[in-house]
Amino acid sequence: MAQVTLRNLVKDYDQTPAVRGIDLDIADKEFVVLVGPSGCGKTTTLRMIAGLEDITGGEILIGGDVVNDVPPKDRDIAMVFQNYALYPHMTVHENMSFGLRLKKLPKDEIRRRVAAVAGILGIGELLDRKPKQLSGGQRQRVAMGRAIVRNPKVFLFDEPLSNLDAKLRVHMRTEIKKVHQKVRTTTVYVTHDQVEAMTLADRVVVMNAGRIEQAGAPNDLYHSPATLFVAGFIGSPAMNITGCALEETAGALRVRLDGQVSFPVPAERTARYRAYAGQRGLLFGLRPEHLTEMRPHSVANQCPVEVTPEVTEPMGMETLVFFSVNGTEMCARTNPAANTQPGVRTQLLADLNHMHLIDEASGRVL
Amino acid sequence: MSASLRKERRAALAWSYVFLVLFAVIFLTPPLYMFITSLKTSAEISSAKLPWWVFHPTLDNYSALLTSPAYLTFFRNSAVVCVAVVAITMAISIPAAFSLSRMRFWGSGALATGVFLTYLIPETLLFIPLFKIFAFVQDWTGIELMNHWWILIVIFPTLTVPFCTWIMIGYFASIPKELDEAALIDGAGYLQVLTRIFLPVALPGVIAATIFAFTVSWADFLYPMAFATSIDQMVLPAGIVSTLIKGDVFNWGQIMTAALLGAAPPLVIYAFLMDYYIAGLTAGATKG
């Protein structure tokens, strides 16, 4: 049983703020991923939870107790590091049992617990090897095993997959998810990879410049970003975002991207957007999957747009089509069967049910 | 692989051999000459016939030295001083290097540089001030520090501690920070991080420092010469020179034998520790 609570958490490095006031409640057994670009303060936040960094201001609670001044070893947490940090002079068994041996647990119990965790992770064969005899993926498993075997209140992961090659990363991602399903423990996971964040998290916390931009379930973040930053950060390929003008004629709203391209705003959003009509500094956002090839059965609020593709990227299951509107490069995800060709003017279908209107100055999604 | 590359590699190898052989010859000639001379009688040495060959080999020099109470005393003094100095040096340097490399505290950077600067002051500058200090201590406490072999146990660490600390700061700094953080999270205290993680992982560095401390305290000449005057208080380097050179009579055979025997312990220790010294133990700790 361990919730983790951060209250107005602040960290300055020699007057340079790294974390500028974070409030976050992490429920027991929840898997929370902190994600953001490098320098956004996510790793610093994790290290403060671990007790590896002093905190400049605010409070950290683990299991209801304030742990601001509690040393790492007494916080009952376990951490998996980006570079694994295995003890090079110890075997896998010794690495995993190090914390238990420090606690002076009986030998039998140590052996039993290590064996059980090694079983979960499939590293039972490796227990007598030294870290240098292991592959990257195996080292990663051992590092996780070392954390799990201690049965801590909280797991902390610091970009654990970023040293692995792409294929192994996808595999280990699934492994981590499986392990969390077996060993239900509160987990805080830091990554800069938004795909990792989306796939692993119960709740994703997007950080930027030392603050939380938005926290929520992966799909909520994806479909209803609260800010320009989240809209642009979550999703790959990224959301198409370009400047626009909101025009009102006879009670109906239109979003105009440039001289040629403009879309009617769906009727159910008219009330929400009306106040911004004519306002400057608005941005229009639409995800690539909502810009597709023309389809025979169109739904309400889908409307055609004529573009000249500049580049097409066949991905097999889809073809990415890149074109410019209003000086901004935009991306559409089309069916390969549509056979869109670069340089050949073509019609795409924009699904405005999923459009976003963003106020550039405040960065808020309206 | 092109032929020219292989040719270039062969040329590079050939040159390395040339220089390695040159070095080996330069460095091995003196011990070889010592060995040859140690097998000669004084008469044969002074006859100056072909110094590189022994016509009447004899072990007289060896038996004379190994039965001489004075030489055995030098040896014993040297050994005790050496072991004590190495122990004291390590007891101070290891925790010092650990705290200077890992525990950020006010002035730790300046202190680390200060430690190194201390080492740069040559001993030739220090033995006269040390004399003064010893005289001062004797005036105030009545304890005589001069002319005792054990005073070297106090003096040598002033040479060995700064340098050994400096070497080990470098080695400890090369240990990834995550390793001690992982241990801290696993429940270790700083002392356990030092003994269970740092010492095993930085063993090559600790051994390099040990070898240095051993070599200094075994072979240093100036301080033993300056601070011990009676025969029974001398250590090997000073003792050999003091007893085997009588006025202007150089007993070359015994001098060479004594030096050769004196060089044996470091040689044995180097050979023994070399494997550990070379082994890179940090491999596999982190990605790389």
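Further up the page is the structure itself.
Because the structure is predicted, anything quoted here is derived from the model rather than measured.

Caption draft 1: Layout of the pattern of salt bridges. Residues and elements named next belong to chain A. The final tally for this structure, using the stated rule, is 20 salt bridges over all chains. Note that arginine 7 is salt-bridged to glutamate 59, the shortest N-O span being 3.2 Å. With arginine 7 in strand 1 (residues 4–13) and glutamate 59 in strand 4 (residues 57–62), this residue pair connects regions lying 52 residues apart in the sequence. Its relative accessible area of 42% is what places arginine 7 among the partly exposed residues.

Caption draft 2: Quick look at the sheet that holds strand 17 (residues 311–314) of chain A. Residue and element names in this part refer to chain A. In spatial order, the strands read 17-18-19; together these three strands make up an open sheet with antiparallel pairing. Edge strands, defined here as strands with exactly one partner in the open sheet, are strand 17 and strand 19 (328–334). Going across the sheet, the axis of each strand differs from the next one's by a mean of 25 degrees, ignoring polarity. Relative to strand 18 (residues 319–325), strand 17 runs antiparallel, the two being bridged by four bridges. Bridge assignment links proline 314 to a residue of strand 18, and that residue is threonine 319.

Caption draft 3: How the structure looks around the interface of chain A and chain B. Of the residues lining the interface, 27 residues belong to chain A; the matching set on chain B comes to 23 residues. Taken together, the two surfaces of chain A and chain B that pack against each other cover about 2,300 Å², and 61% of this comes from carbon and sulfur. In this assembly, chain A and chain B are joined by two salt bridges. When the shortest N-O distance is used, the salt bridge between A:Arg47 and B:Glu181 registers 2.6 Å. Counting across the interface, chain A meets chain B through eight residue pairs in polar contact (both at pLDDT 80 or more). Residue contributions to the side of chain A that touches chain B peak at four residues, all from helix 2 (residues 92–102) of chain A. Here the side of chain A that touches chain B is built from residues that sort into 16 nonpolar, four polar and seven charged.

Calculation rules
Residues numbered from 1 in each chain as written. Chains lettered and ligands numbered in written order. Predicted model: local features only at pLDDT ≥ 70, side-chain atom pairs only at ≥ 80, totals over all residues. Heavy atoms only, no water. Salt bridge = Lys/Arg side-chain N within 4 Å of Asp/Glu carboxyl O. Helix = DSSP H or I, 4+ residues; strand = E, 2+ residues; numbered from the N terminus. Buried < 20%, exposed > 50% of the residue type's maximum accessible area, 1.4 Å probe, protein only. Pairing = 2+ DSSP bridges. Axes fitted to C-alpha atoms, helices over the stretch in contact; angles between N-to-C directions. Contact = heavy atoms within 4.5 Å. Buried area = accessible area lost by both parts, 1.4 Å probe. Polar contact = N/O pair within 3.5 Å; in protein donor to acceptor, adjacent residues only side chain to side chain. Nonpolar A, V, L, I, M, F, W, Y, C, P; charged D, E, K, R; others polar.

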